[in-house]
Amino acid sequence: MADQQPILSVEHLKKYYPIRGGIIPHTLMQVKAVDDVSFSIREGETLGLVGESGCGKSTVGRQIVALERPTSGRVRYRGVVISSLPERKLGPIRTSLQMIFQDSYSSLNPRKRVFDILAEPMLYHKMVARADADAEVERLLGLVGLPKDSKGRYPHEFSGGQRQRICIARALSLRPRLIVCDEPVSSLDVSIQAQILNLLRRLQKELGLTYLFIGHGLGAVHYVSDRIAVMYLGRIVEVAKAHELFAHPAHPYSQALCAAVPNPDPDDRREPLVLKGEVGWQVEKTGKREQSRGCRFYPRCRMAKPSCLGRDPALEPVSPGSGHLVACPFAVSRETPGKDG
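Since the structure is predicted, the reported quantities are computational estimates derived from the model, not experimental observations.

Asker: Just checking my understanding: could you explain the overall build of the chain for this structure?
Answerer: For the chain, the helix and strand inventory stands at ten helices and 13 strands. Overall size of the chain, expressed as C-alpha extent along the three principal axes, is 70 × 65 × 40 Å. Evaluated residue by residue, the chain yields a buried proportion of 48% over its 341 residues. Split by element, the accessible area of the chain, about 17,100 Å² in all, is 53% carbon and sulfur. A distance of 5 Å separates the average location of the 48 positive side-chain charges in the chain from that of its 36 negative side-chain charges.

Asker: Sorry, what's going on with helix H6 (residues 190–207) here?
Answerer: Given 3.6 residues per helical turn, the α-helix brings residues three or four places apart onto the same face. Between its terminal C-alpha atoms H6 stretches 26 Å, which fits the 26 Å expected from 18 residues at 1.5 Å a residue. Taken from the residues just after H6, Gly208 is the one with a positive phi, measuring 70°.

Asker: I would appreciate a short explanation of helix H5 (residues 160–172) in the present structure.
Answerer: With 13 residues, H5 should reach 18 Å at 1.5 Å per residue; the first-to-last C-alpha distance of 19 Å fits that figure. Within H5, ten of the 13 residues are buried, which leaves it mostly tucked inside the rest of the structure. Within H5, the full set of buried residues consists of Gly161, Arg163, Gln164, Arg165, Ile166, Cys167, Ile168, Ala169, Ala171 and Leu172. In this structure, the buried side of H5 is in contact with strand E6 (97–100), helix H3 (114–124), helix H4 (133–143), strand E7 (178–182) and H6.

Asker: Help me understand the nonpolar core in this model?
Answerer: Inside soluble globular proteins, nonpolar side chains tend to come together where they are buried. Membership of the largest hydrophobic core comes to 63 residues, with the highest contact counts inside it found for Ile100, Ile168, Leu172, Ile179, Leu200, Leu203 and Ile228. By residue number, the principal contributor to this core is H5, which donates six residues. Apart from the residues within four sequence positions on either side, Ile228 is in contact with Leu47, Gly48, Val50, Val221, His222, Glu238, Val239, Ala240, Ala242, Leu245 and Phe246.

Asker: Would you take a moment to explain empty space enclosed by the protein for this structure?
Answerer: Where empty space is left becomes clear once a probe the size of a water molecule has been rolled over the atoms. Applying the stated criterion across every chain yields a total of two cavities of 30 Å³ or more. Of the voids in this model, the largest cavity is the one considered here, and its volume is about 110 Å³. Along the walls of the largest cavity sit 14 residues, with Cys295, Cys301, Cys308, Cys328 and Phe330 positioned nearest its centre. Of the voids in this model, the second largest cavity is the one considered here, and its volume is about 80 Å³. Counting residues per element, the lining of the second largest cavity draws most heavily on strand E10 (residues 235–241), at three residues.

Asker: Looking at this structure, I do not really get the pattern of salt bridges. What am I missing?
Answerer: Side chains carrying opposite charge are able to pair once their charged atoms draw close together. Under the defined criterion, the tally for this structure stands at 18 salt bridges. Here Arg227 makes a salt bridge to Glu45, at a shortest N to O gap of 2.6 Å. Residue Arg227 is located in strand E9 (residues 227–232), and its partner Glu45 is located in the loop between strand E2 (26–42) and strand E3 (46–50); the two are separated by 182 residues in the primary sequence. Across this residue pair, the class does not change: Arg227 and Glu45 are buried. Glu138 is the salt-bridge partner of Lys151, the closest N and O atoms lying 2.6 Å from each other. Residue Lys151 is located in the loop between H4 and H5, and its partner Glu138 is located in helix H4; the two are separated by 13 residues in the primary sequence. Of the residues examined, Lys151 reaches a relative accessible area of 18% and is grouped as buried. Several salt bridges share partner residues, and in doing so they unite Asp35, Arg235, Arg296 and Asp312 into one network.

Reading guide: rules and limits
- Residues numbered from 1 in each chain as written.
- Predicted model: local features only at pLDDT ≥ 70, side-chain atom pairs only at ≥ 80, totals over all residues.
- Heavy atoms only, no water.
- Helix = DSSP H or I, 4+ residues; strand = E, 2+ residues; numbered from the N terminus.
- Buried < 20%, exposed > 50% of the residue type's maximum accessible area, 1.4 Å probe, protein only.
- Areas by Shrake-Rupley, 256 points an atom, 1.4 Å probe, with all protein chains shown as cover.
- Lys, Arg positive; Asp, Glu negative; His and termini not counted.
- Charge placed at Lys NZ, Arg CZ, Asp CG, Glu CD.
- Expected span 1.5 Å × (residues − 1).
- Contact = heavy atoms within 4.5 Å.
- Core = buried A, V, L, I, M, F, W, Y, C linked by side-chain atoms within 4.5 Å.
- 1 Å grid on protein atoms, 1.4 Å probe; cavity = no way out; pocket = protein on both sides within 12 Å on 5 of 7 lines; lining within 4 Å.
- Points joined across faces, edges and corners; volume = space filled by probe spheres on them.
- Salt bridge = Lys/Arg side-chain N within 4 Å of Asp/Glu carboxyl O.

Keep in mind these numbers describe shape, not what the thing actually does.
Printed below as a string of structure tokens:
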């Protein structure tokens, strides 16, 4: 897999949202939801994207499937820059990029039966003849573990886990190659979460799918991911193989996330790393010359030094030639300075 060209590349992606006001309405400020994010995903791989709520990870997912256009930067799918394609040229590619949303209830039309929810996208894109739609819907329901008679029912007649299976079937209906899973299990019971995660892994193996798995529960992300990218306030601060990130987190934020994961082994208890300080604010006045505000994790970092305010650290290998990348010079050099050192 290491020698494969990436199926998806995200290059210096930015997404800013304007805040308007004034007597004559104009843009006063902008929210930097995604601020210079870059990563790639190889075919057949699962990249986990984790971080606190509001860090911008779902916004990244929406840019990838072209639900929103980026402020700047590029999204490449199989070498084609899709982030700047006009709608008429984007249509044929869009079927290859699908998304599974967190809230299965609000993402399904309550006035349509399951048959219509699954069949209409296939018929619109001419992926199946109308005479074959019934059989194809039944095949999709079987793939996600639902009985054939589910096609005649409405979304409100299903449990949360069953509705999420319908959402997965809808994503599969257009025969995608890459699926963005936007926290697909966070609103489900723990036992149901395991079933959905196992379903996603099985479908990936059977259909050769590629996933971007977005979540804030590290246990679920670790279970399905080959690599994990940690995001904080619009920036990626660490990227590593899933097992390596859990065993040796390098960034102070990643260390705090891993320490917060419950450990069932009573003989291997980790001391919790309590993050102190206030979360930074991703809003800046417009017209202000863009300059580095330093490391955005500085107010909460136990390793912070005054010099951190003068630079916005870039991702670097933890050791020469390593694929484990971290945006912290102290993690790279293995220094552990004090707050006022």
